[in-house]
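# Observations on the model geometry
Next come the chains, spelled out residue by residue.
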Amino acid sequence: MSRRPSKVAPQAEAGQEAPAEAGQELEAQERQEAPAEAGREAEAPARLEAPSEAGRGLEAKEAQGLEEAGRGLEAKEAQGLEEAGRGLEAKEAQGLEEAGRGLEAKEAQGLEEAGRGLEAKEAQGLEEARREAPAEAGRALEAKEAGRVVQAEAEAGLEAGLEAARRPSGRAERGAGAPRRCRTDCLEEPLSRAFHRLGWTAGAHPWAFLLVPVVLTAALGSGFVYLPRETHEDLEEQYTPIGSPAKAERRFVQQRFSSNDSHHFSVPRMSRETNFVSLLVVSRSSTVLEPDIFAEVSALDQTVQTLFVARDNGSAVIRYQEVCARYGGLCVPPNPLLHAWRQNRALNLSGVSFPIHTVAGLTLYLSGFFGGNTLGPAMGRGQLLLKTKAMRLVYYLKTEQEEESQKSKEWLVHFLDEFKNITRRLAFKKIEVVHFTSLSRQLEFEATSTTVIPLFHLAYLLIILFAVVSCFRFDCIRNKMFVAVFGVVSVILAVVSSFGLMLYIGVPFVIIVANSPFLILGVGVDDMFIIISAWQKTSLSDTIKQRMSEVYSKVAVSITITTLTNVLAFYTGIMSSFRSIRYFCIYTGTTLLFCYFYSLTCFGAFMALDGKREIICLRWLKKPRGDDSFFRRFCAPFCSVPDQYGTDIHPMNVFFRDYFGPFLTNTVSKVFVVVLYLLYIASSIYGCFQVQEGLDLRNLASDDSYITPYFNIEEDYFSDLGPRVMVIVTESINYWDEDVRQKLGKCIVNFEENDYVDRNLTEFWLQTYVQYMRSSGNDPNDKDTFLNGISDFLSAIPIFMYDVNISSSNEIISSRGFIQTMGVSSSNNKKSMLLQLRDIAKKCEIPLMVYNQAFIYFDQYTAIVENTVQNVMVASVAMFLVSLLLIPHPMCSLWVTFAIASVIVGVTGFMSLWNVNLDSISMMNLVICIGFSFDFSAHISYAFVCSSESSVNKKSIEALYLLGYPVLQSAFSTIIGVCVLSTAKAYIFRTFFKIMFLVMFFGAAHGLIFIPVFLTFF
């Protein structure tokens, strides 16, 4: 990601620009006094410390006077320097400061003429003269007087001198280290000094800095022994909100109501999902209500029920009849109409009423068992079922007892293994069959993690190639190919260390954490690019310790700020109510910290070692050799030895300064950018209103999973009916009081009048019991009669046996009824239905509660927006405070806030247009979006407001010159790191790629196009 503008920027060396004549004259004068050895020792300090104006030239007459300046300079140097060595008076010191900072206007004009290229030996002589001067004169001529010690009386002259020296040809190569109007020394300066010392130490002891992280990685990497070999991830625990209302409702149901899947099994009365097999049968003709089709379905049913699995080497066998859920001593039929047809093959399938059908005095509830229905006129308690495209067979298995549940799961696994053989053996001609089990979602989700393992290798290969290409140079000295490869290796070390540490301390490794290495790979190499860029701007003539300290003092603060903002953004995710997001953010945020630590230690050490290689290569190239030397041509293909005093300017920086910046800031381009932004923000806002909330459970599996066609068919044919919802009376009430019953009945009517409820399928024990009492001549308004008659009622109609909770004192503690929901196929409908039913229950005069096991997953629809807004707001405030603290300029903070909001709106809107839901996975990425938005915008706007250019267009061009290429590198490296996920077969990994692509694309667009243009308007 983009970094803060480094204060190391390309500068034209004074010794390279002075006219040859002035250089020869000074050279002759200085050779008499400066030994060659002292000149070589003074080369680097002269370049770094000599005032830029003095370094660019002194008039010939002034240069001759430098011989006497070694014995003492007087202030009025224009009249002669012979008297300078005898003492400095106050007036003399004032003249010396004028000479050291820029000289007077007339002197500055002469400097511009004489200062375009002192040769190396001129700088040697100048430094020798400075070193021999008295302490007062030495301090006056030091470089820091030119850049930092600015006296009030000489400020105007300094500005003119700087401007004349830095723009000899009208095109400035301006360093970020030049004096700025914005002062940020409160934290930046102490940090810079601390990192300066760290860089010096790393340059002095590179092997220690290299080996310690490697040993630490080896130690922490042993934590991978705790990585589970077989992941058994609880989807409900990881991908549903912590402390959701439905979980509290489930606990209440489990405490107040019991169930029995061995004798009185009833699906709506179960508080948890049971073990089951579900088969969807789709007719190849217009309807399944044909005897031939029922015959094929019957053969399928019989084959499934005869399946068995051998245990313990065949000593024990688990049969379906042993593990099936039972009602009245028999296995619960998989389809009531199919069961009736098998009992009586002469059953008239063209005279079936839906949703309730009566056969031989038995009432069959067909809701949920037939889909794609065409209904005719009213018939009995329903309507004539003219056609139905699909039918469902559900085989419920025992779940309540742990031992029986384990047997059921073994039978389910065997069924999954044998299903293809079953369909192949039966060779259906008139039907198509898809299957799903209670284990399928879990097993398929766990299988998706293995699909991305091959992508790791591809991602790292692409990043290495990108790093090598970015750092390649046409000479062996400046070339950083191997350094770039090691930069990727340091990111790998950070991932191993962080993940090992997290596994050591017991942080669960959930499947979405597998996304983290791809993101870290793209983000981690950004620090490498910044460090290499700063290194290329140092002088080859400096010592390794000097170069390392200079690099660290300039870029380590930038890396620190960027790491801090990203880590804060990730750790904000710990506040999420989704455990999977918490664990992902912990792993990723900690890994970023390790990347930061390893960048400043082992990677910096490797850079120092490579610096020694540069010195060796430079010395080798300077040796006299024949022009036809192969190795010389290979190391310097353009027949030139790199300037050991100069700095390296990347061609992309020149592109942003000379081409892209001027193009972007012309009037026509500005108008186009404004129109483009208006289209962008309008499309984004439109997309925000199209966002679908919640995680579609089919998306937890890979695209080629067998559960995908199952959910597709279920959505096509069975989406009209939703879950059957419990309506629970949570407290003890006087059921025998007619007024109480009327209030309760009114609440039931309110439920039935809701758009999401089918009024014809309500089931409540109280209504049936009152009719039962009246038909038997008993008074339902008498307390004792009411309570004493319940046991006989439940014996007569056992379906209600587990709907009434009666205490030992014969008091009804709680009871429940059921309503049937419908029209809840979309996530918005599920959310709306859930909120409306809970609102009706809350407003009822009787204490009520609604619950269904599916509400555990529906609660994510209500929590996802709240969590997203919470995390985004907290992370945004954190970024705002960081920007005020470390980049204390109000304009910067305002533009950072604007950019964060704009990018978030864009990502949210376009992700919906790209078929990405707002779920726990995408919410995690939106939090990441905040950190990247900060990186792309804060430093561009900061460079703009701190620019010393006179016009807003030039300020914008300078900001792009300093930061355009780092922003581009950041975006490309991160996109390359995650782009391989676009080929993944799993939704959760493709979603990660889509959102990260949008984040990087829009973030880079704001940093490189929108913000630079908008800043010119204010």
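Residues numbered from 1 in each chain as written. Predicted model: local features only at pLDDT ≥ 70, side-chain atom pairs only at ≥ 80, totals over all residues. Heavy atoms only, no water.

### Let's talk about the overall build of the protein
- Assigned secondary structure in the protein consists of 39 helices and 16 strands.
- Expressed as a percentage of the 1018 residues in the protein, the buried residues total 57%.
- Contacts in the protein between residues far apart in sequence, at least 24 positions, make up 80% of those at least 6 positions apart.
- On the protein, roughly 43000 Å² of surface is accessible, and the fraction owed to carbon and sulfur atoms is 57%. (Helix = DSSP H or I, 4+ residues; strand = E, 2+ residues; numbered from the N terminus. Buried < 20%, exposed > 50% of the residue type's maximum accessible area, 1.4 Å probe, protein only. Contact = heavy atoms within 4.5 Å. Areas by Shrake-Rupley, 256 points an atom, 1.4 Å probe, with all protein chains shown as cover.)

### Description of a nonpolar patch on the surface
- A contiguous nonpolar patch, built from Val225, Tyr226, Tyr504 and Ile505 and spanning about 450 Å² of accessible area, is present on the exposed surface.
- Mapped onto the secondary structure, Val225 falls in the loop between helix H13 (206-221) and helix H14 (235-239).
- Overall, Val225 belongs to the exposed group, its relative accessible area being 58%. (Patch = residues over 30% accessible without salt bridge, like charges linked within 9 Å, V, L, I, M, F, W, Y side chains within 5 Å. Salt bridge = Lys/Arg side-chain N within 4 Å of Asp/Glu carboxyl O.)

### A short note on the nonpolar core
- Counting 197 residues, the largest nonpolar core has Trp765, Phe786 and Leu848 as its most contacted members.
- Broken down by element, the residue count for this core peaks at 19 residues, all from helix H39 (residues 987-1015).
- Not counting the four nearest positions on each side in its chain, Leu848 is found in contact with Val727, Ile728, Val729, Thr730, Leu744, Cys747, Phe751 and Ala841.
- Counting 44 residues, the second largest nonpolar core, distinct from the first, contains Val281, Cys324, Met391 and Trp411. (Core = buried A, V, L, I, M, F, W, Y, C linked by side-chain atoms within 4.5 Å.)

### Section: the environment of Thr862
- Of note, Thr862 is situated in helix H35 (residues 855-886).
- On the basis of relative accessibility, which here comes to 21%, the residue Thr862 falls in the partly exposed class.
- Here Thr862 is in contact with Lys831, Leu834 and Leu835, once residues within four sequence places are set aside.

### Let's talk about helix H21 (residues 453-471)
- For H21, built from 19 residues, the straight-helix expectation of 27 Å at 1.5 Å per residue is met to within 8% by its first-to-last C-alpha distance of 28 Å.
- All buried positions along H21 are accounted for by Leu455, Phe456, Ala459, Tyr460, Ile463, Phe466, Ala467, Val468, Ser470 and Cys471.
- At its buried positions, H21 is contacted by helix H20 (440-451), helix H22 (481-505), helix H23 (516-536) and helix H38 (952-979). (Expected span 1.5 Å × (residues − 1).)

### A look at the packing of aromatic side chains
- Evaluation of the coordinates by the stated rule reveals 52 aromatic pairs.
- Taking 6.0 Å as the distance between ring centres and 35° as the angle between the ring planes, the aromatic pair formed by Phe858 and Tyr861 counts as tilted. Linking Phe858 with Tyr861, this pair stays in helix H35, spanning three residues, or about one helical turn. Take Phe858 and Tyr861: they sit in the same class, and that class is buried.
- One cation-aromatic arrangement involves Arg657 over Tyr961; the distance from NZ or CZ to the ring centre is 5.4 Å. (Phe/Tyr/Trp six-rings, centres within 6.5 Å; stacked < 30°, edge-to-face > 60°. Lys NZ or Arg CZ within 6 Å of the ring centre and 35° of its normal.)

### Notes on the side chain of Ser902
- Looking at the element boundaries, Ser902 is found in helix H36 (residues 890-913).
- Within polar-contact distance, the side chain of Ser902 engages the side chain of His1006 at 2.6 Å.
- Those residues in contact with Ser902, other than ones at most four positions away along the chain, are Tyr677, Tyr680, Ile681 and His1006. (Polar contact = N/O pair within 3.5 Å; in protein donor to acceptor, adjacent residues only side chain to side chain.)

### Thoughts on the pattern of salt bridges
- Applying the stated criterion across every chain, the model contains 21 salt bridges.
- Across the salt bridge formed by Arg838 and Glu249, the nearest N and O atoms sit 3.3 Å from each other. Placement of the pair is Arg838 in helix H34 (residues 827-843) and Glu249 in helix H15 (residues 245-256), with a sequence separation of 589 residues. We note that Arg838, like Glu249, is buried.
- Between Arg269 and Glu763 there is a salt bridge, with its nearest N and O atoms 3.3 Å apart. In this pair, Arg269 is assigned in the loop between H15 and strand E1 (275-283) and Glu763 in strand E13 (residues 757-764), connecting sequence segments 494 residues apart. Here Arg269 matches Glu763 in class, with each residue buried.
- One connected set of salt bridges, linked through shared partners, spans Arg269, Arg724, Glu763, Asp803 and Arg816.

### Details of the pairing of strand E8 (residues 362-365)
- Inspection of the sheet shows strand E7 (residues 356-359) paired to E8 by four bridges, in the antiparallel sense. Residue His357 lies in a different strand from E8, and its bridge partner there is Leu364. (Pairing = 2+ DSSP bridges.)

### What about helix H25 (residues 579-622)?
- Helix length check: H25 (44 residues) gives 62 Å between terminal C-alpha atoms against 64 Å at 1.5 Å per residue, within 8%.
- Along H25, the helix axis deviates most sharply at Tyr598, where the bend reaches about 40°.
- Extensive coverage of H25 is indicated by the burial of 32 of its 44 residues. (Bend = angle between axes of the 7 residues up to and from the residue.)

### A look at unusual backbone geometry
- The omega angle of the peptide bond from Phe354 to Pro355 is 10°, so this bond is cis rather than trans.
- One can find Pro355 in the loop between strand E6 (353-354) and E7.
- A positive phi angle is found at Ala360, which is not glycine, with a value near 50°.
- Phi at Asn810 takes a positive value of approximately 65°, unusual for a residue other than glycine.

### Considering the state of the cysteines
- Per the stated rule, a full pass over the model turns up two disulfides.
- There is a disulfide in this structure between Cys324 and Cys331, and the S-S distance comes to 1.9 Å. The sign of the -60° torsion about the S-S bond sets the Cys324-Cys331 disulfide as left-handed.
- Between the sulfur of Cys747 and that of Cys844 lies a disulfide, 1.6 Å long from S to S. What sets the handedness of the Cys747 and Cys844 disulfide is the S-S torsion sign, and at about 90° it is right-handed. One end of the pair, Cys747, is in helix H30 (residues 738-752); the other, Cys844, is in the loop between H34 and strand E16 (848-851), and 97 residues separate them in sequence. For the pair Cys747 and Cys844, one class covers both residues: buried.
- Along the protein, the cysteines engaged in disulfide bonds are linked according to the scheme 1-2, 3-4 when indexed in sequence order.
- Of the cysteine sulfurs around Cys602, a residue in no disulfide, the closest is that of Cys595, at 9.7 Å.
- According to the relative accessible area criterion, Cys602 is buried, its value standing at 0%. (Disulfide = S-S within 2.5 Å.)

### Regarding the side chain of Ser669
- Within the secondary structure layout, Ser669 lies in helix H28 (residues 667-688).
- The exposure class of Ser669 is buried, given its relative accessible area of 8%.
- Sequence-distant contacts of Ser669, that is, excluding residues within four places in its chain, are made with Phe663 and Leu664.

### Observations concerning the pairing of strand E15 (residues 812-822)
- The element E15 is largely enclosed, with a buried count of nine among its 11 residues.
- Where strand E12 (residues 721-729) meets E15, seven bridges bridge the pair, whose relative direction is antiparallel. Looking at the pairing, Met726 lines up with Phe818 of E15.
- Judged from the four bridges that link them, E13 and E15 form a sheet pairing that is antiparallel. For Phe764, the partnering residue across the bridge sits in E15 and is Gly817.
- Relative to E15, strand E14 (residues 804-806) runs antiparallel, the two sharing three bridges. The partner of Ile806 across the bridge, within E15, is Ile812.
- Where E14 hands over to E15, the hairpin turn is made up of five residues, of which Asn810 adopts a positive phi near 65°.

### Details of the confidence of the model for the protein
- For the protein, mean pLDDT is 77; residues scoring 70 or higher make up 77% of the total.
- Looking across the protein, the model is least confident in helix H3 (residues 52-55), with a mean pLDDT of 36, and most confident in E16, with 96.
- Contacts of residues 1-184 to residues separated by more than four positions or lying in other chains number 320 contacts, the stretch itself having pLDDT below 50. (pLDDT = per-residue confidence, 0-100.)

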